[in-house]
Amino acid sequence: MSDCDESSLLDSIIETLGIMAFCYIAYTATKALVSLLFVVVSWVMRGVYYVIAGLLIALDHVIYDKKDRKSAFNVDNIMHPRHSRALVNDKSRHRITIGLMVMGFIGGVSATVLNSADYHQHTTVAETAQVTAKSLNVRRHPSATAQVEFKLMHLDLVKVFKQSDSWSYIQAGQARGWVASKYLAQTKSRAKKLSKQLAKLTVEKANARNLPSMKGKVLFQLQGDGFVNILKQQQGWSLISTNGYEGWVATKLLASQ
């Protein structure tokens, strides 16, 4: 056996030992984390149990003990002894507490599932649109009197998930709400409305903004390849359209065709 063969065998052994050591460390760490999670969950459940049990006992005092103090004799032992009171008796209180915890758990799981189903229902078919108004209120419900959650600015891009009468349920960033559909322009339909003036970028990339100013919010980014349609120009800025999207780009970055 040559020196090269011996070195290769040693490297293989070291590599195998390293993999075994990694697997053992990962197994030990996972086991420790599972044990810690079990301890934390058990203590949390125990704390919830004692809180509910304490509230039940307090409720019992409100119902019975306050009434007993007004009597000249100990009604507590005559009319309703403690062992017969469900909220004080250990066995019955235990059953009530466990029942409330199970009901709370089922309710929480059901609410999570329903919210998740509602979320996926809204996110299955989303279309992109742009705001045509100067400022647009996003409301909690599809009504002009509903509470305003936030505002959108001119040319802001949104995702439209569904429509109800003259209202659209949209998402902007991570926020959602209802807006009047007449102030939205669908990019698919608008992509067909092209102007006669074409231009091409003189740089590799350029930001399209919602205002003709460097202070405007960046809506999307243009690439150097391909043409854009110039809709209008003002003070060194051009309102362009590409694939149904509109935005303001510095005119000096465009070359008319």
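These numbers come from a predicted model, not from an experiment. (Residues numbered from 1 in each chain as written. Predicted model: local features only at pLDDT ≥ 70, side-chain atom pairs only at ≥ 80, totals over all residues. Heavy atoms only, no water.)

Visitor: Please explain the confidence of the model for the protein chain as it appears in this structure.
Guide: Mean pLDDT over the protein chain stands at 79; residues scoring 70 or higher make up 80%. Predicted confidence is poor over residues 72–77, with pLDDT under 50, and the contacts of this stretch with residues over four places away or in other chains come to 9 contacts. (pLDDT = per-residue confidence, 0-100. Contact = heavy atoms within 4.5 Å.)

Visitor: What is the right way to look at the pattern of salt bridges in this model?
Guide: Once their charged atoms are close, side chains differing in charge can pair, the charge on each being opposite to the other. One pass over the full model with this rule turns up 2 salt bridges. Put simply, aspartate 156 and lysine 217 hold a salt bridge, and the shortest N to O gap is 2.9 Å. One end of the pair, aspartate 156, is in the loop between strand S3 (148–153) and strand S4 (157–164); the other, lysine 217, is in the loop between strand S9 (205–209) and strand S10 (218–223), with 61 residues separating them in the sequence. Relative accessible area serves as the criterion here: at 45%, lysine 217 is assigned to the partly exposed category. (Salt bridge = Lys/Arg side-chain N within 4 Å of Asp/Glu carboxyl O. Helix = DSSP H or I, 4+ residues; strand = E, 2+ residues; numbered from the N terminus. Buried < 20%, exposed > 50% of the residue type's maximum accessible area, 1.4 Å probe, protein only.)

Visitor: Would you mind showing me how to read the pairing of S4 here?
Guide: When a strand is regular, its side chains alternate between the sheet's two faces. Sheet topology note: the strand S1 (residues 127–131)/S4 ladder contains 4 bridges and is antiparallel. Bridge assignment links threonine 128 to a residue of S4, and that residue is lysine 159. In this structure, S4 lies alongside strand S5 (residues 167–172), joined through 5 bridges in antiparallel fashion. Its bridge partner being in S5, valine 160 is matched across the sheet by isoleucine 170. (Pairing = 2+ DSSP bridges.)

Visitor: Is there a simple way to explain unusual backbone geometry in this structure?
Guide: What you tend to see is this: most non-glycine residues have negative phi, and most peptide bonds are trans. Its identity is not glycine, yet leucine 155 carries a phi of approximately 75 degrees, on the positive side. Tracing the sequence through the fold places leucine 155 in the loop between S3 and S4. Residue classification places leucine 155 among the buried positions, given a relative accessible area of 1%. Phi angles above zero are rare outside glycine, and glutamine 235 is one such case at about 50 degrees. By secondary structure assignment, the location of glutamine 235 is in the loop between strand S11 (227–234) and strand S12 (237–242).

Visitor: Where do I start with the environment of asparagine 210 in this structure?
Guide: As for its position among the elements, asparagine 210 is in the loop between S9 and S10. Look at asparagine 210 and you get buried, because its relative accessible area is 5%. Between the alpha carbons of asparagine 210 and glutamate 246 there is a distance of 8.3 Å; along the sequence they are 36 residues apart. Those residues within four positions of asparagine 210 in sequence are excluded, and the remaining contacts are Met153, His154, Leu155, Asp156, Gly216, Lys217, Leu219 and Trp248. In terms of polar contacts, asparagine 210 uses its side chain to reach the backbone amide nitrogen of lysine 217, at 2.6 Å. (Polar contact = N/O pair within 3.5 Å; in protein donor to acceptor, adjacent residues only side chain to side chain.)

Visitor: I would appreciate a short explanation of the side chain of serine 168 in the present structure.
Guide: Mapped onto the elements of the fold, serine 168 is located in strand S5. A distance of 3.3 Å separates a polar atom in the side chain of serine 168 from a polar atom in the side chain of glutamine 163. Here serine 181 takes part through its side chain, which lies 2.6 Å from a polar atom of the side chain of serine 168. When near neighbours in sequence (up to four residues on either side) are disregarded, serine 168 contacts Val160, Lys162, Gln163, Gly177, Trp178, Val179, Ser181 and Leu184.

Visitor: What's the story with the packing of aromatic side chains in this structure? I'm lost.
Guide: Within a pair of aromatic rings, the relevant descriptors are the distance that separates the centres and the angle that separates the planes. Within this structure, the stated rule accounts for 4 aromatic pairs. Seen in terms of ring centroids, tyrosine 169 and tryptophan 178 are 5.2 Å apart; in terms of plane orientation they differ by 55 degrees. Their pairing is tilted. Across this residue pair, the class does not change: tyrosine 169 and tryptophan 178 are buried. A ring pair is formed by phenylalanine 220 and tyrosine 245, whose centres lie 5.7 Å apart and whose planes are at 50 degrees; its orientation type is tilted. Remark: tyrosine 245 occurs in strand S13 (residues 245–250) and phenylalanine 220 occurs in strand S10; sequence separation between them is 25 residues. (Phe/Tyr/Trp six-rings, centres within 6.5 Å; stacked < 30°, edge-to-face > 60°.)

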